[in-house]
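# Structure at a glance
Listed here are the chains, written in short residue letters.
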Amino acid sequence: MKRRVAILISGRGSNMAALIQAAMAADFPAEIALVISNRADAAGLGKARASGITTLVIESKPFGGDRAAFEALLQSALDEHRIDLICLAGFMRLFTAEFVQRWYGKMLNIHPSLLPSFPGLDPQAQALKAGVRISGATVHFVIAQTDAGPILMQGAVPVCSDDTPQTLAARILQIEHRIYPDALRLLASDKVHLDGDMCRLEGGDSGDALISPAVSPKGT
Ligand code: GRF
């Protein structure tokens, strides 16, 4: 039985589109059953609909700081669609500890840095400011702390001396679109086990959880 996945978005939805594309493969262990946006103007909604995916808008703004009330609505939609796993893909809304606990081990996020470096906003600008030579993206399980939690998969890219936050973001985005589907495949195939703060892969670390730069910086 394929795992039923909900993708939560707030914006353009390019990671969402990569997940939808990957899940079209017959042997993919998960199906994208639902896309939910907390913003009616999210560009990703149109992309999801064009792929034939059911979409829902649950506006978070009217709830203001009442995160629990927003999450009650979200949870009932997830229940109604019998969702097993959640992928956050550019979803710009924090959750309560209760919601995070309810979905612990079943909710992934992607962040455009090699966590634990550069959590929070503008991670690409943070990376450039720190002068790192390598950056990338991380798929991790969601915990109460923002941009933290057991790391499932990472992909690295070179940082170029003439990079701007925009050029680095574009390079990282390419690797995001590779690691998110791969990470979901691992999770939905039951090959991932949480061991405290650590994420262990069945069969040990065979390199499945890492993509390192394979091309020269200029070529990416
Ligand atoms: C991505 O860079 C993702 O890592 C971050 O937000 C951005 C969303 O982009 N969490 P998209 O909506 O998937 O194109």
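Just above, that's the structure.
Description of the structure in this document. All figures in this text were calculated on a predicted structure; none of them were measured in a lab.

The subject of this paragraph is the pattern of salt bridges. Evaluated as defined, the whole model comprises 6 salt bridges. Among the ionic pairs, Arg4 bridges to Glu31, the shortest N-O distance being 3.8 Å. Placement of the pair is Arg4 in strand 1 (residues 3-9) and Glu31 in strand 2 (residues 30-37), with a sequence separation of 27 residues. Take Glu31: its relative accessible area is 33%, and that puts it in the partly exposed class.

Okay, the site of the ligand next. Surrounding the ligand, one finds Arg12, Gly13, Ser14, Asn15, Gly90, Ile110, His111, Pro112 and Glu176. The contact in question runs from an oxygen atom of the ligand to an N or O atom on the backbone of Gly13, over 2.9 Å. Taken by itself the ligand offers 360 Å² of open surface, and the protein chains cover 85% of this. Counting only elements with at least two residues in the shell around the ligand, the list comes to helix 1 (14-23) and strand 5 (107-111). Tallied by class, the residues present in the shell around the ligand amount to 2 nonpolar, 5 polar and 2 charged.

Pairing within the open sheet is mixed, and its 8 strands lie in the order 3-2-1-4-5-6-7-10. Looking at strand neighbours, the two that pair on one side only are strand 3 (55-57) and strand 10 (210-211), the edges of this open sheet. In this sheet, strand 6 (residues 134-141) lies alongside strand 5 in antiparallel orientation, the contact comprising 4 bridges. Bridge assignment links Ile110 to a residue of strand 6, and that residue is Val139. Against the sheet, helix 3 (residues 67-80) makes contact with strand 1, strand 2, strand 3 and strand 4 (85-88), and its axis sits at roughly 150° relative to strand 2, the strand it touches most.

Right, let's get into the nonpolar core. Counting 44 residues, the largest nonpolar core has Ile7, Ile32, Leu152 and Leu184 as the members making the most contacts within it. With 10 residues, helix 6 (residues 165-188) is the largest single contributor of residues to this core. Look past the residues within four positions of Ile32 in its chain and what remains in contact with it is Val5, Ile7, Leu19, Ile20, Ala23, Ile53 and Leu184. In terms of nonpolar packing, the next biggest core, distinct from the first, is built from 20 residues, Ile36, Phe99, Met107 and Val142 among them.

In this section: the side chain of Gln154. Of note, Gln154 is situated in strand 7 (residues 151-158). Only 3.1 Å separates the side chain of Gln154 from the backbone oxygen of Leu115, close enough to count as a polar contact. Side-chain polar atoms of Gln154 contact the side chain of Thr138, separated by 2.9 Å. Among all residues touching Gln154, those that are not within four sequence positions of it are Leu114, Leu115, Ala137, Thr138, Ile179, Ala209, Leu210 and Ile211.

On to the packing of aromatic side chains, then. Per the stated rule, a full pass over the model turns up 4 aromatic pairs. Aromatic pair Phe95 and Phe99: ring centres 4.6 Å apart, planes at 25°, arrangement stacked. The same class applies to Phe95 as to Phe99, namely buried. Members of the aromatic cluster, each reached through a chain of ring pairs, are Phe91, Phe95, Phe99 and Trp103. The ring of Phe70 is capped by Arg93, whose NZ or CZ atom sits 5.0 Å from the centre of that ring.

What follows is about the packing of helix 1 against helix 6. Orientation of helix 1 relative to helix 6, taken along the N-to-C sense of each, is 45°, at an axis distance of 9 Å. Judged by the angle between their axes, helix 1 and helix 6 are oblique. Relative to helix 6, the crossing made by helix 1 is right-handed. Across the interface between the two elements, Ser14, Asn15, Ala18, Leu19 and Ala22 of helix 1 pack against Leu173, Glu176, His177, Tyr180, Pro181 and Leu184 of helix 6. Taken together, the residues of the contact of helix 1 with helix 6 break down into 7 nonpolar, 3 polar and 1 charged.

On to the pairing of strand 1. Within strand 1, 6 of the 7 residues are buried, leaving the element largely enclosed by the surrounding structure. In this sheet, strand 2 lies alongside strand 1 in parallel orientation, the contact comprising 7 bridges. Looking across to strand 2, one finds that Ile9 is bridged to Ser37. Each parallel crossover has a hand, and the one from strand 1 via helix 1 to strand 2 is right-handed. The pairing of strand 1 with strand 4 spans 4 bridges and is classified as parallel. Each residue of the ladder has a partner; that of Val5, found in strand 4, is Leu85.

What counts, and at which threshold
- Residues numbered from 1 in each chain as written.
- Predicted model: local features only at pLDDT ≥ 70, side-chain atom pairs only at ≥ 80, totals over all residues.
- Heavy atoms only, no water.
- Salt bridge = Lys/Arg side-chain N within 4 Å of Asp/Glu carboxyl O.
- Helix = DSSP H or I, 4+ residues; strand = E, 2+ residues; numbered from the N terminus.
- Buried < 20%, exposed > 50% of the residue type's maximum accessible area, 1.4 Å probe, protein only.
- Near = heavy atom within 4 Å.
- Polar contact = N/O pair within 3.5 Å; in protein donor to acceptor, adjacent residues only side chain to side chain.
- Areas by Shrake-Rupley, 256 points an atom, 1.4 Å probe, with all protein chains shown as cover.
- Nonpolar A, V, L, I, M, F, W, Y, C, P; charged D, E, K, R; others polar.
- Pairing = 2+ DSSP bridges.
- Contact = heavy atoms within 4.5 Å.
- Axes fitted to C-alpha atoms, helices over the stretch in contact; angles between N-to-C directions.
- Core = buried A, V, L, I, M, F, W, Y, C linked by side-chain atoms within 4.5 Å.
- Phe/Tyr/Trp six-rings, centres within 6.5 Å; stacked < 30°, edge-to-face > 60°.
- Lys NZ or Arg CZ within 6 Å of the ring centre and 35° of its normal.
- Parallel < 35°, antiparallel > 145°, perpendicular 65-115°, else oblique.
- Left-handed = near helix turned anticlockwise from the far one by under 90°.
- Right-handed = clockwise from strand over helix to strand, strands pointing away.

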